[in-house]
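A closer look at the structure
Single-letter residue listing:
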Amino acid sequence: MIPLSPATRIYLAAGATDLRKGFEGLSDLVKHQFKEDPLSGHLFVFTNRKRNRVKLFYSDTTGRWLCAKALFQGCYGWPKTDEPAALRILAEELTLLLSGIDLEKTRARPWWRKAA
């Protein structure tokens, strides 16, 4: 199981990724294109051009995880950008995205938080 603590950062690869890549290919992409450490314990999320498949890349103290999902029909509401970039999202946004909610058509409600 992939633990999502408040310290875990989630990076979404905006744009299409060649999902034929495995552990080494996605690790190399994280390191060179996003300038992040693939062994940092953060979660990296990728999709293909059709946006009907998704891969999650994560590493913990014992090894690396690579989880994949292919939709039977439809596609994910993936954020669009002109060039490949890593967008930082919240765990709640990842849940919404993987549940079929389009993040561009939703907004977070403003919450009042007590200052520390």
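The structure reproduced in this document is the subject of the present report. (Residues numbered from 1 in each chain as written. Predicted model: local features only at pLDDT ≥ 70, side-chain atom pairs only at ≥ 80, totals over all residues. Heavy atoms only, no water.)

Focus on the sheet that holds strand β5 (residues 85–89)
Ordered by their spatial adjacency, five strands build an open sheet running β4-β3-β2-β1-β5, and the pairing between neighbours is mixed. The open sheet has two edge strands with one neighbour each: β4 (64–70) and β5. Averaged over neighbouring strand pairs, the angle between their axes works out to 25 degrees when direction is ignored. (Pairing = 2+ DSSP bridges. Helix = DSSP H or I, 4+ residues; strand = E, 2+ residues; numbered from the N terminus. Axes fitted to C-alpha atoms, helices over the stretch in contact; angles between N-to-C directions.)

Let's talk about the nonpolar core
If you look at the biggest cluster of nonpolar residues, it comprises 13 residues, and the most contacted ones within it are Ile10, Leu12, Leu43, Val45, Trp78 and Leu94. Of all the secondary-structure elements, those providing two or more residues to this core are β1 (10–14), β2 (43–47), β3 (53–59) and α2 (91–98). Per element, the largest residue contribution to this core is three residues, and it comes from β3. When near neighbours in sequence (up to four residues on either side) are disregarded, Leu94 contacts Ile10, Leu43, Val45, Leu56 and Ile89. (Core = buried A, V, L, I, M, F, W, Y, C linked by side-chain atoms within 4.5 Å. Buried < 20%, exposed > 50% of the residue type's maximum accessible area, 1.4 Å probe, protein only. Contact = heavy atoms within 4.5 Å.)

Overview of helix α1 (residues 23–32)
Those residues of α1 lying buried are Leu26, Ser27, Leu29 and Val30. All buried residues of α1 project into a common sector of 160 degrees when viewed along the axis, lining one side. Looking at the buried positions of α1, the neighbouring elements they touch are β2, β3 and β4. (Arc of directions from axis to C-beta.)

Some remarks on the side chain of Thr47
Tracing the backbone through its elements, the reader meets Thr47 in strand β2. Polar side-chain contacts of Thr47 include one of 2.7 Å to the backbone oxygen of Arg53. Ignoring any residue separated from it by four or fewer positions in sequence, one finds Thr47 in contact with Gly15, Ala16, Thr17, Leu19, Asn52, Arg53, Val54 and Trp78. (Polar contact = N/O pair within 3.5 Å; in protein donor to acceptor, adjacent residues only side chain to side chain.)

Re the pairing of β4
With seven bridges joining them, β3 and β4 adopt antiparallel strand pairing. Opposite Leu56, over in β4, you have Cys67 as the bridge partner. Following β3, the chain reverses through four residues before pairing antiparallel with β4.

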